[in-house]
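Listed below are the residues making up each chain.
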Amino acid sequence: MLNLVLFGPPGAGKGTQSEKLILKYNLVHLSTGDLLRSQIAAGTELGLRAKQLMDQGLLVPDEVVIGMIENKLQENQSAAGFIFDGFPRTVPQAEALDQLLAQHNTQITTMVALVVDDEELTRRLLLRGQTSGRPDDQNEELIRRRVKEYNDKTAPVAGYYNQQGKFAAIDGIGNIETIFDHICAEIQQASN
Ligand code: AMP
């Protein structure tokens, strides 16, 4: 089973690369941001509570996203593997993911981090905001808060996987195909 954590700040290209990886490796895509946005669209209580935090560029509580991932793992027991996109975003989320995967007799294969500098992220997200319809992509102050939240709370997750020998950083600026080839090479190495 191939279980990949695709890591990086908002705007690093995780969504774009996920689409390509899913096709190549036949993985189930689990994006906690997408799952939360569908809760908002469905008008659920969870969605309403999450929206208040998302609109401020803040993370939603760990137990909310862990619960969503737990359900999805349960629903997809025959999957060839998973790509985790935007999750885990805190060390407790990473610990919970390890436990959940162990319950399914599997584990994370590797984490691949896309590295993009803060100015390029802001530029990309403002551009995405012109077409994505996402309110959190349309306001520069909010974007900077999301990047700060990433640097404060999410960046330490890289260390968590690095300690397990499951971490690779890849330059996320440049040609989409070249970046994809680099990710595939890392997956190849981690799967051997
Ligand atoms: P994303 O689509 O991954 O950029 O996520 C959009 C927003 O959803 C984030 O700014 C957070 O408010 C929330 N969110 C998504 N995934 C998580 C997570 N794993 N932990 C906490 N909050 C999350």
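What you see is a predicted model, and the numbers here were worked out from it, not measured in a lab.

## Side note on the side chain of Asp136
(1) Moving on: Here Asp136 shows up in the loop between α6 (118-132) and α7 (140-154).
(2) Moving on: Owing to a relative accessible area of 10%, Asp136 belongs among the buried residues under this scheme.
(3) Moving on: Of the polar contacts made by the side chain of Asp136, one reaches the side chain of Arg134; its length is 2.9 Å.
(4) Moving on: Those residues within four positions of Asp136 in sequence are excluded, and the remaining contacts are Met54, Leu142, Ile143 and Arg146.

## So, the UniProt feature "binding site: AMP" (unreviewed entry) in the protein
(1) Moving on: The UniProt feature table records "binding site: AMP" (unreviewed entry) at Thr32, Arg37, Leu58, Leu59, Val60, Gly86, Phe87, Pro88, Arg89, Gln93, Arg134 and Arg146. The greatest C-alpha distance among the residues just named is 24.4 Å, and with 115 residues of sequence between them they are spread in space as well.
(2) Moving on: Topologically, Leu59 is positioned in the loop between α3 (45-54) and α4 (62-75).
(3) Moving on: Those residues in contact with Leu59, other than ones at most four positions away along the chain, are Leu53, Arg89, Thr90, Glu149, Lys153 and Thr154.
(4) Moving on: As for its placement among the helices and strands, Arg134 is situated in the loop between α6 and α7.
(5) Moving on: Among the residues examined, Arg134 registers a relative accessible area of 17% and is labelled buried.
(6) Moving on: Once residues within four sequence positions are removed from consideration, Arg134 is found in contact with Arg37, Arg128 and Arg146.

## Some remarks on the pattern of salt bridges
(1) Moving on: In total, this model carries 16 salt bridges according to the counting rule given.
(2) Moving on: One salt bridge in this structure joins Lys148 and Asp152, with 2.6 Å as the shortest N-O distance. One end of the pair, Lys148, and the other, Asp152, are both in helix α7, four residues apart, so they sit about a helical turn from each other.
(3) Moving on: When the shortest N-O distance is used, the salt bridge between Glu149 and Lys153 registers 3.0 Å. On the criterion of helical spacing, the pair formed by Glu149 and Lys153 is a turn pair, its members being four residues apart in helix α7.
(4) Moving on: Classification of Lys153 as partly exposed rests on a relative accessible area of 40%.
(5) Moving on: Each of Arg128, Arg134, Asp136, Asp137 and Arg146 takes part in a single network of salt bridges with overlapping partners.

About the criteria used
Residues numbered from 1 in each chain as written. Predicted model: local features only at pLDDT ≥ 70, side-chain atom pairs only at ≥ 80, totals over all residues. Heavy atoms only, no water. Helix = DSSP H or I, 4+ residues; strand = E, 2+ residues; numbered from the N terminus. Buried < 20%, exposed > 50% of the residue type's maximum accessible area, 1.4 Å probe, protein only. Polar contact = N/O pair within 3.5 Å; in protein donor to acceptor, adjacent residues only side chain to side chain. Contact = heavy atoms within 4.5 Å. UniProt positions renumbered as here; feature names shortened; annotations may be inferred. Salt bridge = Lys/Arg side-chain N within 4 Å of Asp/Glu carboxyl O.

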